[in-house]
Amino acid sequence: MKVYQLERSFRTSGGLAVRDITDEVAEAVVDSGVQNGIACVYSPHTTCSVRINEFESGFLEDFCALLTKLVPRESYYAHDDWDRRTENICPEDMDIGNGHSHCMAMLLGTAGESVPIRNGELQLGPWQRVLFLELDRERDRRWIVQVVGD
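First, a word on what this report is: a plain description of the structure on this page. Each chain carries its own residue numbering, running from 1 in the direction its sequence is written. Given that this is a predicted model, residues contribute local features only at a pLDDT of at least 70 and side-chain atom pairs are listed and counted only at 80 or more, while totals for whole chains, interfaces and linings are drawn from all residues. Side-chain calculation: all heavy atoms of the structure are included, whereas hydrogens and water are not.

## Points about unusual backbone geometry
What counts, and what does not: Strands are runs of DSSP state E lasting at least two residues, helices are runs of H or I lasting at least four, and both sets are numbered from the N terminus onward. Only protein chains enter the accessibility calculation, which uses a 1.4 Å probe; a residue whose area is less than 20% of its type maximum is buried, one above 50% is exposed, and one in between is partly exposed.
Phi angles above zero are rare outside glycine, and N88 is one such case at about 50°. Structurally, the position occupied by N88 is in the loop between α2 (57-70) and α3 (91-95). By relative accessible area, which is 71% here, N88 ends up exposed. The phi dihedral of N119 is positive, around 55°, even though this residue is not glycine. When you line up the elements, N119 lands in the loop between β5 (112-118) and β6 (121-122). What makes N119 exposed here is its relative accessible area of 58%.

In structure tokens form, the structure reads like this:
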């Protein structure tokens, strides 16, 4: 059994920004030497998400519009109410609220995805891509891929 881990860091542009990280994940699979197993891709941030879907401009535009409609930035969020909030306080969040980003992340589900590996390749469908979604403002971020298998 082999276990290989890679961590990548970068700065996002903020807003609802989507970055295609598929090629980097596939490169980690090759570097791992795993032929059959699984690649787990994870974001250790509460206002980001890793999802698998199409990286197509029309879909991304539709998806961002839908998220913005479901979770508008301008709404009231108790998370951003500094007269109420007493936990997990980050000074930079006090200037720009991000309650909407946390709500979006919860709606999107998990902070990561798992992709099967067969014959040393990710088993993604023809249009599937591994996407890193920034739901908050411009920030330094990282994602981790762990490859496990034979």
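## Looking at the side chain of T22
Take T22: it is sitting in helix α1 (residues 22-32). On the basis of relative accessibility, which here comes to 4%, the residue T22 falls in the buried class.

## Observations concerning the environment of Y4
Operational definition: Contacts are assigned to residue pairs with any non-hydrogen atoms lying within 4.5 Å of each other.
Residue placement: Y4 occurs in strand β1 (residues 2-11). By relative accessible area, which is 25% here, Y4 ends up partly exposed. Residues in contact with Y4, not counting those within four places in the same chain, are A28, D31, S32, V145, Q146 and V147.

## What about a negative patch on the surface?
Put simply, the rule reads: Any residue with relative accessible area above 30% and no salt bridge may belong to a patch, with like charges joined within 9 Å and the nonpolar Val, Leu, Ile, Met, Phe, Trp and Tyr side chains within 5 Å. Per-residue and other accessible areas follow the Shrake-Rupley method at a 1.4 Å probe size, with only the shown protein chains counted as cover for residues. One speaks of a salt bridge when a side-chain nitrogen belonging to Lys or Arg is within 4 Å of a carboxyl oxygen belonging to Asp or Glu. A positive count includes Lys and Arg, and a negative count includes Asp and Glu. His and the chain ends are not counted in either. All charge positions are set by atom: Lys at NZ, Arg at CZ, Asp at CG, Glu at CD.
Taken together, E54, E56, E61 and D62 make up a surface patch of like negative charges. In this structure, E54 sits in strand β4 (residues 48-54).

## Looking at the nonpolar core
Worth spelling out the cut-off: Only buried Ala, Val, Leu, Ile, Met, Phe, Trp, Tyr and Cys residues count toward a nonpolar core, and they belong to the same one when joined by side-chain atoms within 4.5 Å.
V25, V41, W143 and V145 are the most contacted members of the largest nonpolar core, which totals 20 residues. If we skip the residues at most four places from it in the chain, V25 touches V41, L122, V130, W143 and V145. Among the nonpolar cores identified, the runner-up in size contains 10 residues, and V71, Y77, M104 and L131 belong to it.

## Digging into the sheet that holds β4
Rule in force here: Paired strands are those between which DSSP finds at least two bridges. To define axes, lines are fitted to C-alpha atoms, for helices over the stretch in contact only, and angles between the resulting N-to-C directions are given on a 0 to 180 degree scale.
Spatially, β2-β7-β4 is the arrangement adopted by the 3 strands of the open sheet, whose pairing is antiparallel. Edge positions in the sheet fall to β2 (17-20) and β4, since each of these pairs with one other strand and no more. Put simply, the sheet's adjacent strands are angled 35° from each other on average, direction ignored. As paired strands, β4 and strand β7 (residues 128-134) are joined by 7 bridges and run antiparallel to one another. Bridge assignment links I52 to a residue of β7, and that residue is V130.

## Here's the deal with α2
This is how it is decided: To estimate how far a helix should extend, the number of its residues minus one is multiplied by 1.5 Å. Think of the arc as the fan of directions from the helix axis to the C-beta atoms. Think of a polar contact as two N or O atoms within 3.5 Å of one another; within protein, one of them needs to be a possible hydrogen donor and the other a possible acceptor, and neighboring residues in sequence only count if both atoms come from side chains.
In this model, α2 (14 residues) spans 20 Å end to end at C-alpha, consistent with the 20 Å of a helix rising 1.5 Å per residue. For α2, every residue scored as buried is listed here: L60, F63, C64 and L67. Summarising the axial view, the buried residues of α2 lie within an arc of 95°, below the 170-degree limit, and thus occupy one face. The exposed set on the far side of α2, more than 90 degrees from its buried face, consists of E61, D62 and K69. N-capping of α2 is provided by E56, with a side-chain oxygen placed 2.9 Å from the backbone N of G58.

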